[in-house]
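Architecture at a glance
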Amino acid sequence: MPNDTTSESPHRFRGSTFESMVETFTSSFGPLLVKPVGRPRDFRWSADFWSGAGVTLVTGYHHSECSMRVIADRLQYVSIIVPQIGGVDVALGRRTVQGRLGELLFTNNIEPEHVILRGGPIALDGLLFDHAIFANAVAATFEVPVSGSLELAPVLSLSTPAGRLIGSLAQTLIEGMRNDGPLLYCPVAISSLASTFADLVIRLVPHRLSPLLDKKPFMIAPRHVRSAISFMHANIHLPITMPMVSEAVGVSVRALEIGFRAFRETTPGAYLRMIRLRAARADLLDPSNRQSVRDVCLNWGFFHFGRFSILYRATYGESPSDTKRRSARM
């Protein structure tokens, strides 16, 4: 991703060739598969990049059609494309979704999809959010271990109530970052807006976890499940086990597991790992915390650093060390 240091000048590229576009975007966002429509020598493009606190704004202008796909070995960004002139299509397998003025397009660069810029000239704004921002919002909302793509509905009309709300916040980020805007000098504000944006998207845009939003587990969970959750939170720093939890709430381990599966759609052990993982992340995000990543891992009951790192990356889309380094720049 482009450098996250807000005090540096933005990246600007104008009037360049097809080959220079491939080189520029590859160096900024990773390996790309790009195919021009027509002769590469006739291709012209320009772009501006601005980055801060896990969000990058790309404003692009293309004079010719092309398709592009990011090649990645893990989830990197959740991308929102706002067409300004011309059309943008997203190819999802055999299905192609057309994006027009008045719509937002959601893409995820790990998916087997191509973004197709069609009809010249083409102008667009793109907001790229670090996957960790959305992963954190998902974990906070559903309180169950979640990994992988959200499979967001690819198009959101700005004429709908959800579209107007999300589109307005997207425009606030765009205008606040464009042309070295004031948001770039307040990373805390960008971080807060990005977290709010992610929360709104996972609550208002359909995705594979949307059915869980209607189950309201807190309202229907039986007393022993609620008591177990309270016990876990109160003793999260201690080496508690599931037999200890079941004894504290007065039910068998089997009954406790059945209750969590029915009302939390997870196991008691997985729930405990999740709240410990969130506590570890809070420490890693605290710039005043001078502990090493390994010490934070041990403090919250993760005694195998490699397994902790794998679980952390699967949940938040970045390594614990990446989180620690990012918090130090805030």
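Here the structure is a predicted model, which means the values were calculated and not measured.

**Examining the overall build of the protein chain**
Within the protein chain one finds 12 helices and 10 strands. Classification of the 330 residues of the protein chain by burial places 50% in the buried group. With an accessible surface of roughly 15,600 Å², the protein chain has 56% of that area assigned to carbon and sulfur atoms.

**Re helix α9 (residues 268-285)**
An ideal rise of 1.5 Å per residue puts 26 Å on 18 residues; α9 measures up with 26 Å between its terminal C-alpha atoms. Of all the 18 residues making up α9, 14 are buried; the element is thus mostly covered by neighbouring parts of the structure.

**Considerations on the side chain of H207**
Topologically, H207 is positioned in the loop between α4 (187-204) and α5 (217-220). What makes H207 buried here is its relative accessible area of 8%. Separated by 2.6 Å, the side chain of H207 and the backbone oxygen of I202 make a polar contact. Here L209 takes part through its backbone nitrogen, which lies 3.1 Å from a polar atom of the side chain of H207. Sequence-distant contacts of H207, defined by excluding residues within four places in its chain, comprise F142, L150, E151, L152, V201 and I202.

**Regarding the pattern of salt bridges**
Scanning the entire structure with this criterion turns up 6 salt bridges. For R325, the salt bridge is made with D322, and the minimal N-O distance between the two is 2.5 Å. Of the two residues, R325 and D322 are both situated in helix α12 (residues 320-329); the distance of 3 residues between them amounts to about one turn of the helix.

**Here we look at unusual backbone geometry**
The backbone of N179 sits at a positive phi, close to 55°, despite the residue not being glycine. Take N179: it is sitting in the loop between α3 (161-177) and α4. Positioned with a positive phi, D180 is a non-glycine residue whose angle comes to about 60°.

**Looking at the nonpolar core**
Membership of the largest hydrophobic core comes to 36 residues, with the highest contact counts inside it found for I80, L127, F129, F134 and F197. Contributions of two or more residues to this core are made by β4 (55-62), β6 (77-92), β8 (103-108), β9 (113-130), α2 (131-142), α3 and α4. The element best represented in this core is α4, accounting for 7 residues.

The rules behind these values
- In every chain, residue numbers begin from 1 and rise along the written sequence.
- With the structure being a predicted model, the display of local features is reserved for residues of pLDDT at least 70 and the display and counting of side-chain atom pairs for 80 or more, all residues being used for whole-chain, interface and lining totals.
- Remark: hydrogens and water are excluded; side-chain values derive from all non-hydrogen atoms of the structure.
- Working definition: helices are DSSP H or I runs of at least four residues, strands are E runs of at least two. Numbering for both runs from the N terminus.
- Whether a residue is buried, partly exposed or exposed follows from its accessible area with a 1.4 Å probe, protein chains only, as a fraction of its type maximum: under 20%, in between, or over 50%, in that order.
- Working definition of accessibility: Shrake-Rupley area with a 1.4 Å probe, residue cover restricted to the visible protein chains.
- Expected span of a helix: the number of residues minus one, times 1.5 Å.
- N or O atoms within 3.5 Å of each other form a polar contact, as long as, within protein, one can give a hydrogen and the other can take it, and as long as residues adjacent in sequence are counted only when both atoms are side-chain atoms.
- Contacts between residues were defined by any pair of non-hydrogen atoms, one from each residue, lying within 4.5 Å.
- Throughout this description, the term salt bridge denotes a Lys or Arg side-chain nitrogen within 4 Å of a carboxyl oxygen of Asp or Glu.
- Nonpolar core, defined: a set of buried Ala, Val, Leu, Ile, Met, Phe, Trp, Tyr and Cys residues in which side-chain atoms within 4.5 Å join the residues together.

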